[in-house]
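# A structural walkthrough
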Amino acid sequence: MNHTETLPPGGVQSEAKPAKAKGSAKHPWQSFKKWSHVTPEQWNDWQWQYHHLVTTPEELIELFPEFEGEVEEIRSTLGKYKFASTPYYLSLINPKNPEDPIKLQAIPSRLEMNVERGVDLRDPLSEDRDMPVPGLVHRYPDRVLFLITEICTVYCRFCTRRRVILEKESHIERQIDTNIDYIRKHPEIHDVIISGGDALVVGESLLERVLKGLRAIPHVYVIRIGSRIPPVCPMRITESLVSMLKKYQPLYFMTHFNHPYEITPDSKKACALLVDNGIPVLNQTVLLRKINSCPFIMREMCYELIRMRVKPYYLYQCDLSEGISHFRTPVSKGIEIMESLRGHISGLAIPTYVIDAPGGGGKVPVGPTYLISEGDHKVVVRNYAGKLSVYTEPQETDCSCSTTDEMKSKLGASPQGAGPLGGVA
Ligand code: SF4
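Note that the structure is predicted; figures quoted are calculated from it, not measured. (Residues numbered from 1 in each chain as written. Predicted model: local features only at pLDDT ≥ 70, side-chain atom pairs only at ≥ 80, totals over all residues.)

### Remarks on the overall build of the chain
Regarding its fold elements, the chain presents 15 helices and 12 strands. For the chain, the proportion of its 425 residues judged to be buried stands at 34%. By sequence separation, contacts in the chain at least 24 residues apart represent 75% of the contacts at least 6 residues apart. (Helix = DSSP H or I, 4+ residues; strand = E, 2+ residues; numbered from the N terminus. Buried ≥ 20, exposed ≤ 12 C-beta atoms within 10 Å, placed from the backbone. Contact = placed C-beta atoms within 7 Å.)

Next up, the structure:
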């Protein structure tokens, strides 16, 4: 890996200058002694955030004396797993709540050391098996996942890819040119998801090299960037970053909010900057026990997301990765949440609930059943309020279309291929 193009967590620290006294008015972070002298210019500079990541239990206790009793527990995980968080994300914690949703996502727990034999898997989605070249997952025919880094600004305790992201000894072998070359040689690939780690921790020159390489491939229709930056380090979304990104349209931004408390004036500003510059933002949430495993929390978050023009896209059932069993909910909880959303809030605000099938089976949508029965040209459906209705189907069942063959050849589909779209489903 070329470390000069990836910013080091907790790297060279720039000296914070004392804030100017402004009467009694304090910025929220200044109520922490450690950051009392940090100016708004520094706090709102993503490089300052990145160079001041909190990475040790000692720093945590300095910030939150309330966590003193948990130090040994935190320390017990650090031999195996990484810990780091931006000051910004930690500043959102309410230390008076022992189950604060930001704390549970950011602070290590001894429960991570539990491995449920026969259930937990190191690589639940079999990504390693589906890597034709290191750092590139090619599972679905038309899409690839391009992993450009194993570094993040916050190491989320529930991370699915923790075998390479959180484990101290692991890393992703980055072969940018080989990966671009693979995509160039595979005309069936139309959609590339750049992720990691967090795709936005790499330097802008490296990110632009990847984007430019992909955009030069005519069969790559869509590029997506996967990043948790908006909730955890929103100041990273700068005018300069967005002006670079918008050169490579069509480009979609896939972010990851898990709780309404992550939606702040700063994260709203970050998302607005992307959307105002023509970059659609979609959200993927992981269903996490004790964090967002509640219809009211999910409803509030989905509303807040569409209010800031971010489309709720997927709600993921928590994967079977090792060390995260304490975050998993029963599937029935996810179905209950979906039931509480459909019909009760705008359809625009409703994500698709999926289980990413273990073993690389891909995303399987699950949810409440609304089709109650199918009969002779009639189906019975129920609505969100439980009211049953009969829908009468037509007698004519021939649904063939005159333009199917034209579309098939556009899609490059083989009639012998699997699935209803002849191999491109
Ligand atoms: S930002 Fe994403 S990749 Fe990084 S630790 Fe969090 S969930 Fe994992």
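### Observations concerning the sheet that holds strand β9 (residues 362–365)
Overall, mixed pairing links the 9 strands, which are arranged β1-β2-β3-β4-β5-β6-β7-β8-β9 in an open sheet. Each edge of the open sheet carries a strand with a single partner, namely β1 (136–137) and β9. (Pairing = 2+ DSSP bridges.)

### Some words on unusual backbone geometry
Residues Gly-196 and Gly-197 are joined by a peptide bond in cis, for which omega reads 25°. Relative to the assigned elements, Gly-197 resides in the loop between β3 (191–195) and α9 (204–215). The omega torsion of the bond from Gln-249 to Pro-250 falls at -5°, within 30 degrees of zero and hence cis. Despite not being glycine, Lys-290 has its phi angle at roughly 75°, a positive value. Mapped onto the secondary structure, Lys-290 falls in the loop between β6 (281–286) and α13 (295–307). Take Lys-290: there are 12 C-beta atoms within 10 Å of it, and that puts it in the exposed class.

### Focus: the pairing of β6
Bridging between strand β5 (residues 251–255) and β6 involves 3 bridges; their strand directions are parallel. Paired with Met-254 across the bridge in β6 is Leu-282. You can see the chain leave β5, run along helix α12 (residues 265–276) and come back into β6, and the turn it takes is right-handed. Relative to strand β7 (residues 310–316), β6 runs parallel, the two being bridged by 6 bridges. By the bridge assignment, Val-286 is partnered in β7 with Tyr-316. The parallel pair β6 and β7, bridged by α13, forms a crossover whose chirality is right-handed. (Right-handed = clockwise from strand over helix to strand, strands pointing away.)

### Let's talk about the confidence of the model for the chain
Scored by pLDDT, the chain has a mean of 90; 90% of the residues are at 70 or more. Below a pLDDT of 50 lies the segment residues 1–23, which in the model reaches 37 contacts outside its immediate sequence neighbourhood of four places, other chains included. Here residues 414–425 is modelled with pLDDT under 50, and outside its nearest four sequence neighbours on either side it reaches 18 contacts, counting other chains as well. (pLDDT = per-residue confidence, 0-100.)

### Concerning α9
Its 12 residues give α9 an end-to-end C-alpha distance of 16 Å, which sits within 8% of 16 Å, the value for a rise of 1.5 Å per residue. On its buried side, α9 packs onto α8 (176–184), β3 and β4 (222–226). (Expected span 1.5 Å × (residues − 1).)

### Quick word on α8
Taken as a whole, α8 has its buried residues at Asn-179, Ile-180 and Ile-183. Taken around the axis of α8, the buried residues stretch over an arc of 100°, which confines them to a single face. Buried residues belonging to α8 abut β1, β2 (143–147), β3 and α9. (Arc of directions from axis to C-beta.)

### Examining the packing of α8 against α9
Direction vectors running N to C along α8 and α9 enclose 20°, while the axes themselves pass 10 Å from each other. Here α8 lies roughly parallel to α9, going by the angle between them. As for how α8 packs across α9, the hand of that crossing is right-handed. Here Ile-176, Ile-180 and Ile-183 of α8 lie close against α9, whose contacting residues are Arg-209, Val-210, Gly-213 and Leu-214. (Axes fitted to C-alpha atoms, helices over the stretch in contact; angles between N-to-C directions. Parallel < 35°, antiparallel > 145°, perpendicular 65-115°, else oblique. Left-handed = near helix turned anticlockwise from the far one by under 90°.)

### Describing the packing of α13 against helix α14 (residues 331–341)
Contact geometry for α13 and α14: axes closest at 9 Å, N-to-C directions at 50°. When the interaxial angle is binned, α13 and α14 end up oblique. Where α13 crosses over α14, the two elements pack in a sense that is right-handed. Residues Pro-295, Met-298, Arg-299 and Cys-302 of α13 form the contact with α14, whose own contacting residues are Glu-336, Ile-337, Ser-340 and Leu-341.

### Brief notes about the sheet that holds strand β11 (residues 378–382)
Strand order in the open sheet formed by 3 strands is β10-β11-β12, and the pairing between neighbours is antiparallel. A strand with exactly one partner marks an edge of an open sheet, and here the two such strands are β10 (371–375) and β12 (388–392). Strand-to-strand twist in this sheet, taken as the mean axis angle between neighbours without regard to direction, amounts to 20°. Relative to β11, β10 runs antiparallel, the two sharing 4 bridges. Looking at the pairing, Leu-371 lines up with Val-381 of β11.

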